[in-house]
Amino acid sequence: MAPVILVLNSGSSSIKFTLFEGDRPRLTGQISGLGAEPHIDLKSERTGGRIDRQLSAEAGRTHRSALASLIPILEEETNGQKVDAVGHRVVHGGMQYATPLQITDDVLSDLKSLEPLAPLHQPHNLAGIDAARSAFPNAIQTACFDTAFHRNHPWVNDTFALPQSLYEEGVRRYGFHGLSYEYICSHLKETGQDLGAGKLVVAHLGNGASMCAIRDGQSIGSTMGFTALDGLPMGTRCGQLDPGVVLYLMTTKGMTPEEISDLLYKQSGLKGLSGISQDMRTLTESDDPGASAAIDYFVFRIRRELGAMAAILKGLDTVVFTGGIGENAAVIRSMVCADQDWLGLSIDEEKNNARVEDITAETSRVRVLVIPTNEEEMIRRHTERLMRAEAFPAGS
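The rules behind each value
- Residues numbered from 1 in each chain as written.
- Predicted model: local features only at pLDDT ≥ 70, side-chain atom pairs only at ≥ 80, totals over all residues.
- Heavy atoms only, no water.
- Pairing = 2+ DSSP bridges.
- Helix = DSSP H or I, 4+ residues; strand = E, 2+ residues; numbered from the N terminus.
- Contact = heavy atoms within 4.5 Å.
- Axes fitted to C-alpha atoms, helices over the stretch in contact; angles between N-to-C directions.
- Buried < 20%, exposed > 50% of the residue type's maximum accessible area, 1.4 Å probe, protein only.
- Core = buried A, V, L, I, M, F, W, Y, C linked by side-chain atoms within 4.5 Å.

Asker: Sorry, what's going on with the sheet that holds strand 3 (residues 24-32) here?
Answerer: Paired through backbone hydrogen bonds, the strands of a sheet run either parallel or antiparallel to each other. On the basis of which strands lie adjacent, the open sheet formed by 8 strands has the order 5-4-3-2-1-6-8-7 and mixed pairing. For this open sheet the edge positions go to strand 5 (50-54) and strand 7 (101-102), each flanked by a neighbour on one side alone. Contacts from helix 3 (residues 122-135) reach strand 1 (4-10), strand 6 (85-90) and strand 8 (140-145), with the element oriented near 170° to strand 6.

In structure tokens, the structure reads:
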């Protein structure tokens, strides 16, 4: 019998989930508005039926109570078949965890120590794990890390120009969105395009955004660093920033660490630049000058990093756009790829607007693709592989 695997991506106020039977998704959806106005929205891939309703305040008060409210729905969908394993997206694995593994108490303790490195994600990922361990006490629980894909990138992309003692303590570039990059590489290999073995740049563009230089399936450069703040501007995160700005905010503006954290993580990026919204759909539909300015800066940074990634790779064979913006915002792809003939890259605008995978112009030496990412499928694969291993590798 095919294993039943529940994949969870837990955020501050939501739990996104996919229930798999073998490699087939049975349910997809999310519980949103935790702690405020909880709401469940899911679709049965088996029947096509949907559930879209409010939850009681008590049911949606915490991750644990919300997940408990989901159990009867899962049991109905699987005809009472138990959930064999729960796979969790965990943003930060630190220096220690470079592969998916079974969650133990010791692993949880280690991951909790990494919360300052990913304050928007890690605490909520761990809250989801706690909820799932309570809801499914007999299921295998696995952690799959967004940092793992980058853990073997070259030292020059791993370090900062700081004293070596800090590097040894863990102050280094980790990179993120690794599950997305890993899925794109697997998709290219599985579809026989043999592009993952070349000089590949993947642009994961969404509310969180980063780019990765990949050679022979291995990350050799990432725009994100010590935390998920670095690199490209994002929905509410600032992206690359002169550290002197932080010193200025502390010494001259008198801001506290908490105030600076809130500014950099929650009030900056597209939201801060535009003064309107963090949602790219809203910005592209607006005629407000602030919206145009935010889009221009977002595109400028992508183009700048594309050149840097090409330099790291010593050339460029393929560019892949993925993530919510990368997959859906044709206008952003068009702006990024405009006047890139010097790089051997151009796109066919008709294809770019047609929602097809290959948008490469006939004259382009570099292939340009649009591939929807699937981090949930990557987590399922890792979880099933670990389930089938002779000795399940515990992280303690």
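Once you've had a look at it, read on.
Asker: What's the story with helix 12 (residues 330-337) in this structure? I'm lost.
Answerer: Along an α-helix, residues three or four positions apart point the same way, because every turn accommodates 3.6 residues. With 6 of 8 residues buried, helix 12 lies mostly within the body of the structure. On its buried side, helix 12 packs onto helix 9 (280-284), helix 10 (289-313), strand 12 (318-322), helix 11 (323-328), helix 13 (349-352) and strand 13 (367-370). In the stretch just after helix 12, Asp339 is the one whose phi turns positive, near 55°.

Asker: Where do I start with the sheet that holds strand 9 (residues 199-205) in this structure?
Answerer: Ordered in space as 11-10-9-12-13, the 5 strands form an open sheet in which the pairing is mixed. Since the sheet does not close on itself, it has two edges, and those belong to strand 11 (218-222) and strand 13, each with one partner. With strand direction ignored, the average angle separating the axes of adjacent strands in the sheet is 25°. The sheet contact formed by strand 12 and strand 13 spans 4 bridges and is parallel. Bridge pairing in strand 13 links Phe321 to Val370. Most of the contacts of helix 5 (residues 178-190) go to strand 9, to which it runs at about 130°, and overall it touches strand 9, strand 10 (209-215), strand 12 and strand 13.

Asker: What should I look at first to understand the nonpolar core in this one?
Answerer: Inside soluble globular proteins, nonpolar side chains tend to come together where they are buried. Ranked by size, the top nonpolar core spans 57 residues in total, and within it Leu205, Phe298, Leu316 and Ile332 carry the most contacts. Take this core: its biggest share by element is 10 residues, from helix 10. Ranked by size, the runner-up nonpolar core spans 26 residues in total, among them Ile31, Ala59, Val86 and Ala132.

Keep in mind these numbers describe shape, not what the thing actually does.
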